[in-house]
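Structure assessment
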Amino acid sequence: MRNSFFTIILLFALSINAQERVIIELNKGWKFEKGKNENAFENNFNDSKWESVTVPHDWAIYGPFDKEIDKQVTAIVQNGEKSATEKTGRTGALPYIGEAWYRNQFSVPNLDKSKKVILLFEGAMSEPKVFLNGKKVGEWNYGYNYFYFDITNLINENGKNNLAVHLSNLESSSRWYPGAGLYRKVKVIVKNKESIDQWGTFITTPIVTAELAKVNIKTTVTGENLQIKTVIKDASGKEVAINETALIFGKEFEQNIAVRNPHLWSPESPYLYTAVTQIYVGNMLKDVSNTRFGIREIKYEANKGFSLNGKVRKFKGVCLHHDLGPIGTAINKAALRRQLTILKDMGCDAIRSSHNMPSLEQLELCDEMGFMFLAESFDEWAKPKVENGYHRFFDTDVEKDLVNLIHATRNHPCIVMWSSGNEVPDQWGAEGVKRAKRLQDIFHREDPTRPVTVGMDQVKATMESGFGALLDIPGLNYRLPLYEEAFKKFPQGFILGSETASTVSSRGIYKFPVVKGPNKQYPDFQCSSYDLEYCSWSNVPDDDFVLQDDKPWVIGEFVWTGFDYLGEPTPYDEKWPSRSSYFGINDLAGLPKDRFYLYRSRWKTNDKTLHILPHWNWEGREGETTPVFVYTNYNSAELFVNGKSMGIQKKNNTTPQNRYRLMWMDVKYEPGTLKVVALDNQGKPVAEKEIHTAEKPYEIKLEADRNTLEANGEDIAFVTVSVVDKKGNPCPTATNQLQFAVSGNGTFRAACNGDATSLEQFHLPTMKLFSGKLVALVQSTATSGKIELTVTGKGLKKGKINLKSN
Ligand code: GAL
């Protein structure tokens, strides 16, 4: 009986009668099948042979990888290409194309004529068509958006309801791996007819001082003779303000509520309040809804830049695509939290959801953990980048897509800016200028509190056409040589680095000789981690740092990208088997590349960074020049090879690299110990770090990001697996094939080694190490207890780790 699996979340169960609002999360009991299946929407359709799955679900992540999947023969015009070539792996070489169905059943307890029922999808990839009890409910084209239907008139009052969802993904519909399926949550919301409309709450904080905040709450409702009561609670649950009114304007209540001595929200102190909204008819409580919000003030001012709560600051941001590496696009809070924990440790304070609507889970975590957010919407408007991209829907859907983005997410304090598009080809031509204005006007109409940007790559064209001038925030993607001119020509008085760097590297891989340059390629399809390789349109991190540090009118940067993602394997777009990106500061497994420490050394101001590269296992390079770089926030350091000084290096302004890195270019490799001693401004040693040449792999080591999981069937521990030699030195070049076994109340979910050329399937319990490491994902079951992961490999002492779930 499938309907026995529902998670029923009774909202506000402590304070009110649970009848006001019930949310049923449809996560278990789904049946799934790929293919056309013309009759699968019908009520009595027999799906018993279909695969049983849980949602969120990504049908394509299980592979296998295949060169022929979505092979796009095209010239990537944005990359300056003139003639078409074969691009394999552009969308990850995973089987996302085609049609598929999901079916489920649910029943709604205590349903009667006084209720309204909403069916909410937080995203469905893509072009979902939704059927209930054999009838079509509606459809939504854009796979990244949140949408809902009022299903009150279609639902069976007593008994089961058959839900069927048809999805369809076309080839050449994306520039990266889009995923496939019901990859975000599906919910049924049951409430009274007299109630707050879906996404009907809008909270802003128009006045913020240390003594007082004015909290403005607009609430749209349905029903007659309604009254509203709002209680504001602080983070500890204490009531700090209360307001009630019966004064309604059309469908909208508006309340202005004073919060005294407010705790302000910021990345450093992500303090959250909750507004508890209650709707009454007379004395009868009809609806209750909790909305978390933050009290904060954002300003963007000419010649001053961006300020949060009165303090000028620059965005230390990264762009993120929505896939979560080895688990694909199926949304998972533990995976998102781990990403943000890694970014926090790097000192990052902002995220751009490139190039689409973020998941609600990601926004919740950014609110809680303290990240500012640039919420983007589209990679295409009316003019195409890919044959079957969003341009097919632009004219009919853009308004409703933006409205849903704004309504669903506008109460998140983390969002400090919207983006209506990324490098849209509509930057060319008069129509594009009109479109830019139209979309920005929709944002302003629905949310007058946040500015709008577009990530522009055609900067010259947008200077001439007026496109750049009309935006609230001119966002430049790359184009560093045009920053000065754009600042002078655009009227806003500041420039955002909406996309920066696109430096490429493979974790733990180093190439010789060490020379800076664009579009470098090697026979193994890897990129060098000396962080000096980039694309024809992009640059190395240091070049961005110079502008960020020297130009007060640059308001920050969003680095492409925080993590590697599936698809877009530049500079090996035409080379198989490359199938994921090289741009990440962290690899696809979430393991830091050297670049992590370069950003950390300038972004993480409350901690020290002292990192040496490359590794020191260069058998066969004895006596050859093997440059050593140190990424650190110390200004100078002395390097030693086996105790012999290689001299002191000091940061200086001769080149961007010399300004931000310490580099010993002439070191000759000899096995042994590489040691760096950081010096303070008086030349006194203050910190040191050493790495050693490892002998052959001996033992498997395991280290989990978290040892205690929630026993909810969704939580994941990310276990870093590495090998060490007999003395315990990490083996940085090891490529051993390993096997994983999980026992107890957990399951093996996936593994990932960060190698962009690996065709090993993520969900199978075996994988090779890449540069001595990989990550194994262990998932909890719904039963609490002990979990054990064992990792074995031929000729290696096995590794074991004990986890538990509560
Ligand atoms: C940008 C684009 C990104 C990605 C990046 C790679 O132009 O906005 O989506 O393609 O280039 O460098």
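Residues numbered from 1 in each chain as written. Predicted model: local features only at pLDDT ≥ 70, side-chain atom pairs only at ≥ 80, totals over all residues. Heavy atoms only, no water.

Labelled according to an unreviewed UniProt entry, the protein chain appears under the name DUF4982 domain-containing protein, originating from Flavobacterium cellulosilyticum. For the record of the protein chain, the UniProt heading Sequence similarities (unreviewed entry) holds the text "Belongs to the glycosyl hydrolase 2 family." (UniProt positions renumbered as here; feature names shortened; annotations may be inferred.)

Our next topic: the overall build of the protein chain. The number of helices and strands found in the protein chain is ten helices and 50 strands. The globule rule puts the C-alpha radius of gyration for 806 residues at 28 Å, and the 27 Å found for the protein chain is close to it. Seen through its C-alpha atoms, the protein chain measures out along the principal axes to roughly 85 × 60 × 55 Å. When the 806 residues of the protein chain are sorted by exposure, 61% land in the buried category. Element-wise, carbon and sulfur atoms account for 50% of the exposed surface of the protein chain, whose accessible area totals about 30,000 Å². The protein chain carries 99 positive and 97 negative side-chain charges, and their two centres are separated by 3 Å. (Helix = DSSP H or I, 4+ residues; strand = E, 2+ residues; numbered from the N terminus. Rg over C-alpha atoms; globule rule 2.2 N^0.38 Å. Buried < 20%, exposed > 50% of the residue type's maximum accessible area, 1.4 Å probe, protein only. Areas by Shrake-Rupley, 256 points an atom, 1.4 Å probe, with all protein chains shown as cover. Lys, Arg positive; Asp, Glu negative; His and termini not counted. Charge placed at Lys NZ, Arg CZ, Asp CG, Glu CD.)

Read from one edge to the other, the open sheet built from three strands follows the order 35-36-39, with strand pairing classed as antiparallel. Whereas interior strands pair on both sides, the edge strands pair on one side only; in this sheet they are strand 35 (610-613) and strand 39 (662-664). Neighbouring strand axes in the sheet, compared pairwise and without regard to direction, differ in orientation by 15 degrees on average. Here three bridges tie strand 36 (residues 628-632) to strand 39, and the two strands are oriented antiparallel to one another. What sits directly across from F629, in strand 39, is M663. Lying on the sheet, helix 9 (residues 594-603) is in contact with strand 35 and strand 36; it crosses strand 36 at an angle near 40 degrees. (Pairing = 2+ DSSP bridges. Axes fitted to C-alpha atoms, helices over the stretch in contact; angles between N-to-C directions. Contact = heavy atoms within 4.5 Å.)

Per the UniProt record, "domain: Glycoside hydrolase family" (unreviewed entry) is annotated on residues 700-801. Helix makes up 0% of residues 700-801 and strand 53%, whereas the separation of the span's terminal C-alpha atoms amounts to 11 Å.

Right, let's get into the site of the ligand. Inspection of the region around the ligand gives R175, H355, N422, E423, N477, Y478, E499, S502, W537, W560, E568 and F583 as its neighbouring residues. N422 places a polar side-chain atom, nitrogen or oxygen, 2.9 Å from an oxygen atom of the ligand. When the free accessible area of the ligand is taken as 310 Å², the share hidden by the protein chains comes to 98%. (Near = heavy atom within 4 Å. Polar contact = N/O pair within 3.5 Å; in protein donor to acceptor, adjacent residues only side chain to side chain.)

Attention now goes to the packing of aromatic side chains. Summed over the entire model, instances satisfying the criterion amount to 40 aromatic pairs. Centre to centre, the rings of Y300 and F306 are 4.9 Å apart; their planes meet at 40 degrees, and the pair counts as tilted. Like F306, Y300 is buried. Consider the rings of F525 and Y572, whose centres lie 5.4 Å apart with planes at 45 degrees: the pair is tilted. Here F525, found in the loop between strand 32 (517-518) and strand 33 (533-534), pairs with Y572, found in the loop between strand 34 (554-560) and helix 9; they are 47 residues apart in sequence, far enough to count as distant. A relative accessible area of 0% places Y572 in the buried class. Cluster of aromatic residues (ring-pair linked, three or more members): Y142, Y144, F378, Y390 and F393. It is K511 that lies over the ring of Y522; its NZ or CZ is 5.0 Å from the centre. The residue whose ring lies beneath K675 is F640, and the NZ or CZ to ring-centre distance is 6.0 Å. (Phe/Tyr/Trp six-rings, centres within 6.5 Å; stacked < 30°, edge-to-face > 60°. Lys NZ or Arg CZ within 6 Å of the ring centre and 35° of its normal.)

When two helices pack together, their arrangement is given by the angle between the helix axes and the distance between those axes. Where helix 3 (residues 394-409) meets helix 4 (residues 430-446), the closest approach of the two axes is 9 Å, and the angle between their N-to-C directions is 30 degrees. When the interaxial angle is binned, helix 3 and helix 4 end up roughly parallel. Crossing angle aside, the handedness with which helix 3 passes helix 4 is right-handed. Here F394, V398, E399, L402, V403, L405, I406 and H407 of helix 3 lie close against helix 4, whose contacting residues are R435, R438, L439, I442, F443, R445 and E446. Taken together, the residues that form the contact of helix 3 with helix 4 break down as nine nonpolar, one polar and five charged. (Parallel < 35°, antiparallel > 145°, perpendicular 65-115°, else oblique. Left-handed = near helix turned anticlockwise from the far one by under 90°. Nonpolar A, V, L, I, M, F, W, Y, C, P; charged D, E, K, R; others polar.)

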